[in-house]
Amino acid sequence: MTNDAQQSRPVYSKNTVSLYFRGQLPEQILARARKWAPGVVKMQRSFVPSGHGLFAMGSVRKGEIIGRFGGRLVPADSIEAYVAKVGKFGHLVHPCWYVCPENADEISRIGAINHSCEPNVGLSDALTLVAMQHIVASKETPVELLIDYAMTGSPAGGFSGCKCGAPHGRGKITRDDWRIRALRGAYHGYFPPSKARAVQQGTESACALTAVLESLPTLKRPPQTLVDCYDAILFDAMGVLISENEALPGAADILARLNMCGQPYYIVTNISSGSDETIFARLRGAGLPILAVDRIVSAGGVARRRVLEELAAGRLVSYVGSAHAAHDIFGKHPNLHCADTGEKFDTLVVLDDEGFDFKRAADHILSTFQRRLIETGEMPRMIAANADIIYPSKNGSLVFGPSIIGPMLQAGLAPFGAPPISVELMGKPGRAIFEECIARAGTNRLLMVGDQVDTDINGAKAAGLDALLVTTGLNNCGELRQDENGAPDYVAKNLDQIFDGSLFACPHALDKPRRTRRP
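These numbers were taken from a predicted model, which means no experiment stands behind them.

Calculation criteria
- Residues numbered from 1 in each chain as written.
- Predicted model: local features only at pLDDT ≥ 70, side-chain atom pairs only at ≥ 80, totals over all residues.
- Heavy atoms only, no water.
- Helix = DSSP H or I, 4+ residues; strand = E, 2+ residues; numbered from the N terminus.
- Contact = heavy atoms within 4.5 Å.
- Areas by Shrake-Rupley, 256 points an atom, 1.4 Å probe, with all protein chains shown as cover.
- Buried < 20%, exposed > 50% of the residue type's maximum accessible area, 1.4 Å probe, protein only.
- Arc of directions from axis to C-beta.
- 1 Å grid on protein atoms, 1.4 Å probe; cavity = no way out; pocket = protein on both sides within 12 Å on 5 of 7 lines; lining within 4 Å.
- Points joined across faces, edges and corners; volume = space filled by probe spheres on them.
- Core = buried A, V, L, I, M, F, W, Y, C linked by side-chain atoms within 4.5 Å.
- Salt bridge = Lys/Arg side-chain N within 4 Å of Asp/Glu carboxyl O.
- Expected span 1.5 Å × (residues − 1).
- pLDDT = per-residue confidence, 0-100.
- Phe/Tyr/Trp six-rings, centres within 6.5 Å; stacked < 30°, edge-to-face > 60°.
- Lys NZ or Arg CZ within 6 Å of the ring centre and 35° of its normal.
- Pairing = 2+ DSSP bridges.
- Axes fitted to C-alpha atoms, helices over the stretch in contact; angles between N-to-C directions.
- Right-handed = clockwise from strand over helix to strand, strands pointing away.

S.K.: I'd love a proper account of the overall build of the protein chain, names of residues and values included.
M.R.: Along the protein chain, the regular secondary structure elements total 16 helices and 31 strands. For the protein chain, the proportion of contacts with a sequence separation of at least 24, taken over those separated by at least 6, is 69%. Roughly 22600 Å² of accessible area belongs to the protein chain as shown, and the carbon and sulfur atoms make up 52% of that amount.

S.K.: So what's going on with helix α9 (residues 276-285)? Which residues, and what values?
M.R.: Within the sequence span of α9, burial applies to Asp 276, Ile 279, Phe 280, Arg 282 and Leu 283. Buried residues of α9, viewed axially, fall in a sector of 165°; they line one side. More than 90 degrees from the buried face of α9, the exposed residues found are Glu 277 and Gly 285. Of the residues trailing α9, Gly 287 is marked for its positive phi of about 100°.

S.K.: Could you give an account of the layout of surface pockets, naming the residues involved and the relevant values?
M.R.: When its volume is computed, the second largest pocket comes out at roughly 980 Å³. Elements that contribute at least two residues to the lining of the second largest pocket include exactly β16 (172-174), α5 (181-186), α9, β21 (296-298), α10 (299-312) and α14 (431-441).

S.K.: Go over the nonpolar core with me, naming the residues and quoting the values.
M.R.: Counting residues in hydrophobic clusters, the biggest one holds 50 residues, and the most contacted among them are Ile 66, Val 93, Leu 127, Leu 129, Leu 145, Met 151 and Leu 209. Mapped by element, the contributors of at least two residues to this core are β5 (52-56), β9 (97-100), β11 (121-123), β12 (128-131), α4 (149-152) and α7 (208-215).

S.K.: Residues and numbers for the pattern of salt bridges, please.
M.R.: Following the criterion strictly, the structure yields 17 salt bridges and no others. The salt bridge involving Arg 440 is made with Asp 276; its shortest N-O contact spans 3.9 Å. Linking Arg 440 in helix α14 with Asp 276 in helix α9, this pair joins segments that are 164 residues apart in sequence. Judged on exposure class, the residue Arg 440 and its partner Asp 276 are both buried. Measuring nitrogen to oxygen at the nearest pair gives 3.7 Å for the salt bridge that ties Arg 372 to Asp 346. Highlighted residues: Arg 372 in helix α12 (residues 358-376) and Asp 346 in the loop between β23 (336-338) and β24 (347-350), separated in sequence by 26 residues. Of the residues examined, Asp 346 reaches a relative accessible area of 23% and is grouped as partly exposed. Three or more residues are tied together by salt bridges with common partners; here these are Arg 306, Glu 309, Glu 310, Arg 315, Arg 381 and Glu 424.

S.K.: Any details on α10? Residues and values, ideally.
M.R.: An ideal rise of 1.5 Å per residue puts 20 Å on 14 residues; α10 measures up with 20 Å between its terminal C-alpha atoms. Taken together, the buried positions of α10 are occupied by Ala 299, Gly 300, Val 302, Ala 303, Arg 306, Val 307, Glu 310 and Leu 311. Looking one or two places after α10, you find Gly 314, whose phi comes out positive at around 85°.

S.K.: Give a description of the confidence of the model for the protein chain that names residues and reports values.
M.R.: Across the protein chain, the average pLDDT comes to 80, with 82% of residues at 70 or higher. Segment residues 1-20: pLDDT under 50, and 51 contacts once partners within four positions in sequence are set aside and those in other chains are kept. Within the model, pLDDT remains below 50 along residues 506-519, and this stretch shows 39 contacts once partners closer than five positions in the same chain are excluded.

S.K.: Got a sec to walk through the packing of aromatic side chains? Specific residues and values, please.
M.R.: The tally for this structure, following the rule as stated, stands at four aromatic pairs. Over the ring of Phe 499 we find Arg 257, and its NZ or CZ is 4.0 Å from the ring centre.

S.K.: An account of unusual backbone geometry is needed here, citing residue identities and associated values.
M.R.: Cis geometry marks the peptide bond from Lys 428 to Pro 429; its omega dihedral reads 10°. For Pro 429, the position within the fold is in the loop between β28 (423-425) and α14.

S.K.: An account of the environment of Pro 402 is needed here, citing residue identities and associated values.
M.R.: With respect to the helices and strands, the residue Pro 402 is situated in the loop between β27 (398-400) and α13 (405-413). A residue is classified by how much of its surface remains accessible, and Pro 402, at 0% relative accessible area, is buried. The sequence separation of Pro 402 and Ile 390 amounts to 12 residues, and the corresponding C-alpha distance is 8.2 Å.

S.K.: Can you break down the side chain of His 94 residue by residue, with the values?
M.R.: Structurally, His 94 is set in strand β8 (residues 91-94). Setting aside anything within four residues of it in sequence, one finds His 94 in contact with Ser 194, Leu 213 and Glu 214.

S.K.: I'd like a rundown of the sheet that holds strand β22 (residues 317-320), residues and numbers included.
M.R.: Pairing within the open sheet is parallel, and its five strands lie in the order β23-β22-β24-β25-β28. Edge strands, defined here as strands with exactly one partner in the open sheet, are β23 and β28. Strand-to-strand, the axes of this sheet are offset by a mean angle of 25°, without reference to chain direction. Alignment of β22 against β23, held across three bridges, turns out to be parallel. If you follow Val 317 over to β23, its bridge partner there is Leu 336.

S.K.: Describe the sheet that holds β8, with residues and values.
M.R.: Strand order in the open sheet made by the three strands is β7-β9-β8, with antiparallel pairing throughout. The outermost strands of the open sheet, each flanked by one partner alone, are β7 (72-75) and β8. Within the sheet, the average angular offset between the axes of one strand and its neighbour, ignoring direction, is 40°. Where α7 meets the sheet, its contacts fall on β7, β8 and β9, and the angle it forms with β8 comes to roughly 70°.

S.K.: So what's going on with the environment of Leu 447? Residues and values would help.
M.R.: Assignment of secondary structure puts Leu 447 in strand β29 (residues 446-450). When its relative accessible area of 1% is taken as the criterion, Leu 447 is described as buried. As a C-alpha pair, Leu 447 and Asp 489 span 42 residues in sequence and 9.4 Å in three-dimensional space.

S.K.: Just give me the short version of the pairing of β24, but keep the residues and values in it.
M.R.: Side-chain alternation along β24 places Thr 347 and Val 349 on one buried face and Leu 348 and Val 350 on a second face that is also buried. As defined by bridge partners, β22 adjoins β24 across four bridges and the pair is classed as parallel. By the bridge assignment, Val 320 is partnered in β24 with Val 350. Of the crossover connections in this fold, the one passing from β24 over α12 to the parallel strand β25 (residues 381-384) is right-handed.

See the structure below:
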């Protein structure tokens, strides 16, 4: 690196409305412009509805170099200003840096590689494009070269619609798509070093640019809002984002804004009326622009592995909930039965209170517990997916949640000298669901946004996370009791406050050390 580059720091340029690294890195580390394999790659009209693209004009072997990205370094916290000035051309090469063309004219002259959800090109390091498969092409029958922007971190503007036409196209592209589990497996070995390290440590390839960027001093924009202080935001669903099957005012706008700025978020819900896919469809149907199903962290989904362990061990499992919900989450199994029909069981799983006769099920479970107590002196084990005891209805009144079954059974069996019922919590406030959030996000610098102290706030605080209590949902039914250990870090009247700066007053989140985990 030149002395000028070694001494340079990223600075704001008021003239170009973007951040650039002052001083170009050596050409062998970062070329001034993108370059394609001569005689092999040519720009021409694309089949993808985005104008022009890059085409192979001859056959390319798997692993053969297609070209290399080049341009100028733009810090990630200034990419939105760059996009507004130039366009969505940036390529994320490091969590703090993009490589971008100087201007839109460069793209017109040199060309850009288009996106496809079924790519034939990947990355061998932060800049080098290689063929993922053998590509048979000629001048007479050229083949378009396509990459999934999940690898590159594009689009620089946060997200855009996907019109690639692939049979399994995602519909939208976001710079957070690399977190999708299916893509991690499909593109293993074709992620740039910064993402490969997060997907599977020790698999990243050596890259001169990555090494330089790791050592560069950076000027980060001071946090201006609460969102800036956290690596991801966790939202409760019921009472925060939706009421029954309708989005609450402002909820869709907040998620859309997070989508636009590329901030990761997860919907952390005790809803256990179906699989994550079913809940995703329900929330999307309510008008929430959630990008992908992997943003759903549900209590039922977390409980699934634990229940399958019970079934694999030969135990009889009964569930509180509808058959549809249980089969959607766990699948069908000869040892899995509805609690209002099973005559005996070893484990009771609490799912949901929708789509079945809860009172009938509670009566049957009480009798089953009593017989087990008399015959063996023991109680069946309980696994609570949905741990909600109460929640708000659409009209603002309180209703009992499915986990009220625990206190009901304890009270009903007390005259028989029953010991305390041991409940394994999978949903909030249990630790398991928050550990899943930490694992997916790859960090514990998370903010939980909820409306219930007992589940959302206490659960997050017990897991070592910060928490924000919104005075919607359950709080509309009266001020909730807060104890010293479960006091929220922030209280907001509405979700807009995580963006408007009103809650930002030297948040301690800035000093919280990250505890990263392998996703």
